[in-house]
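Survey of secondary and tertiary structure
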Amino acid sequence: MKSILLLHGPNLNLLGTREPDIYGALTLAEIDARIQAAGAQVEIEVRCLQSNHEGALIDALHEARNWASGVIFNPGGYTHTSVALRDAIAAIDIPVVEVHLSNVYAREEFRHKSLISPVCKGKISGFGWHSYWLGLMALKEILGD
Ligand code: DQA
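In what follows, the accompanying structure is described. (Residues numbered from 1 in each chain as written. Predicted model: local features only at pLDDT ≥ 70, side-chain atom pairs only at ≥ 80, totals over all residues. Heavy atoms only, no water.)

Regarding the site of the ligand
With respect to spatial proximity, the complete set of residues near the ligand consists of Arg18, Tyr23, Asn74, Gly76, Gly77, His80, His100, Leu101, Ser102, Val104 and Arg111. The separation between an oxygen atom of the ligand and a polar side-chain atom of arginine 18 is 3.0 Å. Side-chain polar atom of histidine 100 to an oxygen atom of the ligand: 2.8 Å apart, as the coordinates give it. Considering the ligand on its own, with 320 Å² of exposed area, one finds that the protein chains cover 98% of that surface. In this structure the site holding the ligand corresponds to the largest pocket. (Near = heavy atom within 4 Å. Polar contact = N/O pair within 3.5 Å; in protein donor to acceptor, adjacent residues only side chain to side chain. Areas by Shrake-Rupley, 256 points an atom, 1.4 Å probe, with all protein chains shown as cover. 1 Å grid on protein atoms, 1.4 Å probe; cavity = no way out; pocket = protein on both sides within 12 Å on 5 of 7 lines; lining within 4 Å. Sits in = over half its atoms within 2 Å of the grid points.)

Printed below as a string of structure tokens:
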């Protein structure tokens, strides 16, 4: 069975109460449970981690090299600012799929720029919690059988 990391960045621990009109009503734990269940159906183990700290996210990406076949990553606000996270993704040789709950291109201009996208396999944005599900399906296809 393959294993993947589902990694969430800053403020995503507040899902459910954080701007629900933008991010939806599900909590992070509910999203994680849905993606783990969907993973189990396609024989992929999904390990979940959230951090508000850039360094902890970098550590998680480095450690993922040792056990994960790929990563689904919502970097939150760091998407638009973090050279260090971009470098961490570029440094690891496993595929990373960037996901966002909201359609970042339909929002403020500062959200249109992602420092992460060029070093990711691809990007999914705007489908609420289904963005994570689509990210899982994308990784499944990338990883093959
Ligand atoms: C987000 C979009 C980011 O611009 C924002 O800073 C977030 C969440 C999303 O999932 O839509 O924290 O990554």
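Quick word on helix H4 (residues 83–91)
Among the residues making up H4, those that are buried are Leu85, Ala88 and Ile89. For H4, the angular spread of buried residues about the axis comes to 95°, placing them on one side. The outward face of H4, more than 90 degrees from its buried face, is lined by the exposed residues Ala90 and Ala91. (Buried < 20%, exposed > 50% of the residue type's maximum accessible area, 1.4 Å probe, protein only. Helix = DSSP H or I, 4+ residues; strand = E, 2+ residues; numbered from the N terminus. Arc of directions from axis to C-beta.)

Some words on the sheet that holds strand E3 (residues 70–74)
One open sheet holds the five strands; their spatial order is E2-E1-E3-E4-E5, and the pairing between them is parallel. Each edge of the open sheet carries a strand with a single partner, namely strand E2 (44–50) and strand E5 (122–125). Within this sheet the neighbouring strands show an average axis-to-axis angle of 20°, counted without direction. Of the pairings in the sheet, the one linking E3 to strand E4 (residues 96–100) comprises three bridges and is parallel in character. Along E4, the bridge assignment pairs phenylalanine 73 with glutamate 98. (Pairing = 2+ DSSP bridges. Axes fitted to C-alpha atoms, helices over the stretch in contact; angles between N-to-C directions.)

Some thoughts on the packing of aromatic side chains
What the rule picks out here adds up to zero aromatic pairs. Taking the ring centre of tryptophan 129 as reference, the NZ or CZ of arginine 34 above it sits at 4.9 Å. Directly above the ring of tryptophan 67 sits arginine 47, whose terminal nitrogen or CZ lies 4.0 Å from the centroid. (Phe/Tyr/Trp six-rings, centres within 6.5 Å; stacked < 30°, edge-to-face > 60°. Lys NZ or Arg CZ within 6 Å of the ring centre and 35° of its normal.)

Side note on the pairing of E3
Counting buried residues along E3, five of its five residues qualify, which places the element largely inside the surrounding structure. Side chains Gly70, Ile72 and Asn74 project from E3 onto one buried face, and the interleaved Val71 and Phe73 project onto a second face that is buried too. Alignment of strand E1 (residues 2–8) against E3, held across five bridges, turns out to be parallel. Directly across from isoleucine 4, in E3, lies its bridge partner glycine 70. Running through H4, the crossover from E3 to the neighbouring parallel element E4 is right-handed. (Right-handed = clockwise from strand over helix to strand, strands pointing away.)

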